[in-house]
Amino acid sequence: MGTMHTPRRPAPGRRRRVLATLLLALGAGLAGWSHPSWLPALHLGGAVPPAARALPSAAPTPHGAVPPDPGAPLPSAAEVAAAVGPALDGASADRRSVLVADALTGAPLHEQDPDTALVPASNQKLVTLLSLLTHADPGERLRTAVVAGEEPDTVVLVAGGDTLLRPGRSDPEAVQGRAGVRTLAQDTARALAARGASAPSTVRWDAGLFPGPALNEAWAAGDVAAGQIGPVAPMAFWSHHVPAGDLASPVRPDDAAADVAAVFAAELRAALAAEGVAAPPLRLVPGPAPRGAAELAAVESATLAEQAELMLQDSDNHLAEVLSRIAARAAGHPGSITGGREAAAEALAARGVDPAGLVLSDASGMSLDNRIPARALEQVVRAMAVDDTGALAPGARALPVAGGSGTLADRFDDEAGTAARGLTRAKTGTLNTVVSLSGHVSTREGRLLTYSVVLNEVADPSAARDAADRAVAALARL
């Protein structure tokens, strides 16, 4: 079965920065967290800015979380049911799993088969995010390095998990393209020249960071052919896109790591010439780096928190699979499909999520074998939204904002849905017969609610998406 995902826009320009100084100027005091219920009080020129443009973009420090207001009134279960039930009546779905809860206490306010495990589509990425934040340091950067080979005429390009590389120079203000292969080649050439080394004749590339199959056998062949998902490598350009100059094309590579190595070899030869070292065309050979090899140069990625935000905002399937493998390695497992599943299961257990009925087939939600109930997804969202350590706060902040960012920028756009614009953050999910939406929303009275709506056997995905939006907007009006 094919998918209805809109392909992620791979344009590599610098990510638009949000107005971090706004909170400082206004003294809002919410710099540590993602809750946007304060927005209506600002009255900036009569217009309320979406939360995505008003909240600081930087991930909070571990102790920077500010919990929701426990003094805000909690709507009754009857009020929530009266708001959500009629809205979801318009969803053309034969199977559904729905849960709305109070974020602070976890008390359920509305349920509809909340323990029925259904296909979650891209809501699966919430589990991947939880795994990453549970096992890895959100501030970690992934290194793509060049080391000396065992043979004196060989250098080895070592993949470190960065699949947001750019062919040209590093851009320190970018998420995609923060690390550039041209910069890496130039730094390598300078290091070789400083050593008085002769020009290498061979470039090896070590892609052993992610062992096991590059393709998940559960992915539909049509989705792979369409470029919605594909082989996962430990280094790639533009999140597994083929470069077009120093930009990204819509084309997916057959071997992303080999493509990076080829561009590196060409850039290294040019950089050596600039250093006055003549070099023949370099031979490319895959193979592991020698143990203890001396590092010649390295470039570093954007932080894992920044990459996770990109993954959620764009619903990037390839990046989700990469971050799952990074989480697996941080948890002590191989950076493989199986390792990612094991790390995700451990993260769920660590947060008290009941594993009953769950099937973790992949990290992106492209597999129709995934099964997650609304209760588990709501618990994942709630864990990130109210974690008092702040360790999971980057996850709550990374979610798209209704009417403001990512896959929710164009949602909640009709009259029945506008009440939630700027007041809910959520992860979307859409496949041919699946619609899902899980996140948190502030009521009119300022109470934070967490929710998950998973709809399967959907006859009209557009109508189902609108129904989910109307349900969340109804919560925002309480």
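Preceding block: the structure.
Residues numbered from 1 in each chain as written. Predicted model: local features only at pLDDT ≥ 70, side-chain atom pairs only at ≥ 80, totals over all residues. Heavy atoms only, no water.

1. Observations concerning the overall build of the protein
Counting its secondary structure elements, the protein contains 13 helices and twelve strands. Partitioning the intrachain contacts of the protein with sequence separation of at least 6 by distance along the chain shows that 71% fall at a separation of at least 24. Only carbon and sulfur atoms are counted for the fraction: they give 52% of the accessible area of the protein, which is about 18,000 Å². (Helix = DSSP H or I, 4+ residues; strand = E, 2+ residues; numbered from the N terminus. Contact = heavy atoms within 4.5 Å. Areas by Shrake-Rupley, 256 points an atom, 1.4 Å probe, with all protein chains shown as cover.)

2. Concerning helix α4 (residues 124–135)
Between its terminal C-alpha atoms α4 stretches 17 Å, which fits the 16 Å expected from twelve residues at 1.5 Å a residue. Among the twelve residues in α4, ten count as buried, and that is most of the element. Of the residues making up α4, those classed as buried are Q124, K125, L126, V127, T128, L129, L130, S131, L132 and L133. (Expected span 1.5 Å × (residues − 1). Buried < 20%, exposed > 50% of the residue type's maximum accessible area, 1.4 Å probe, protein only.)

3. Overview of the packing of aromatic side chains
Tallying each qualifying case throughout the model produces zero aromatic pairs. Lying over the aromatic face of F210, R325 brings its terminal NZ or CZ to 6.0 Å of the ring centre. (Phe/Tyr/Trp six-rings, centres within 6.5 Å; stacked < 30°, edge-to-face > 60°. Lys NZ or Arg CZ within 6 Å of the ring centre and 35° of its normal.)

4. With respect to unusual backbone geometry
One non-glycine residue, D113, lies in positive phi territory at about 45 degrees. By secondary structure assignment, the location of D113 is in the loop between β2 (108–112) and α4. Phi is positive for F412, which is not a glycine, with a value near 55 degrees. Tracing the backbone through its elements, the reader meets F412 in the loop between α12 (393–398) and β10 (424–431).

5. Topic: helix α11 (residues 374–386)
Every α-helix carries 3.6 residues per turn, so stepping three or four residues along brings you back to the same face. End to end, α11 covers 18 Å across 13 residues, agreeing with the expected 18 Å (1.5 Å per residue, within 8%). Judged by how many residues are buried, α11 sits mostly within the fold: eleven of 13 residues are covered. Turning to α11, its buried residues are A374, A376, L377, E378, Q379, V380, V381, R382, A383, M384 and A385. Where the residues of α11 are buried, they touch β1 (93–102), α4, α10 (337–350), α12, β11 (434–442) and β12 (448–458).

6. A short note on the pattern of salt bridges
This model, assessed by the stated rule, comprises 13 salt bridges. For R182, the salt bridge identified is with E267, shortest N-O distance 3.2 Å. Here the residue R182 occupies a position in helix α5 (residues 181–195), and E267 occupies one in helix α7 (residues 256–274), the gap between them amounting to 85 residues. Judged by relative accessible area, which is 32%, R182 ranks as partly exposed. In this structure E267 comes out as buried when scored by relative accessible area, which is 17%. One connected set of salt bridges, linked through shared partners, spans E111, D115 and R375. (Salt bridge = Lys/Arg side-chain N within 4 Å of Asp/Glu carboxyl O.)

7. Examining the sheet that holds β2
Across the sheet, which stays open at both edges, the five strands sit in the order β2-β1-β12-β11-β10 with antiparallel pairing between neighbours. Strands with a single pairing partner mark the edges of an open sheet, and in this sheet they are β2 and β10. Recorded for the sheet is a direction-independent mean angle of 5 degrees between the axes of neighbouring strands. Both β1 and β2 contribute to a ladder of four bridges, which runs antiparallel. Within β2, the position partnered with L99 by the bridge is E111. Here helix α3 (residues 77–88) sits on the sheet in contact with β1, β2 and β12, set at roughly 35 degrees to β2. Here helix α13 (residues 461–476) sits on the sheet and contacts β1, β10, β11 and β12; the angle it forms with β11, its principal contact strand, is near 15 degrees. (Pairing = 2+ DSSP bridges. Axes fitted to C-alpha atoms, helices over the stretch in contact; angles between N-to-C directions.)

8. Considering the nonpolar core
By size, the foremost hydrophobic cluster in this structure holds 47 residues, and its most contacted members are L132, L348 and M384. For this core, the secondary-structure elements that each account for two or more residues are α4, α8 (304–314), α9 (317–330), α10, α11 and α12. Of the residues that make up this core, three or more belong to each of domain 1 (77–137 + 307–477) and domain 2 (141–302). Counting 37 residues, the second largest nonpolar core, distinct from the first, contains A191, A261, V277 and V299. (Core = buried A, V, L, I, M, F, W, Y, C linked by side-chain atoms within 4.5 Å. Domains from an automatic or database assignment.)

Taken by themselves, the reported measurements are silent on function.
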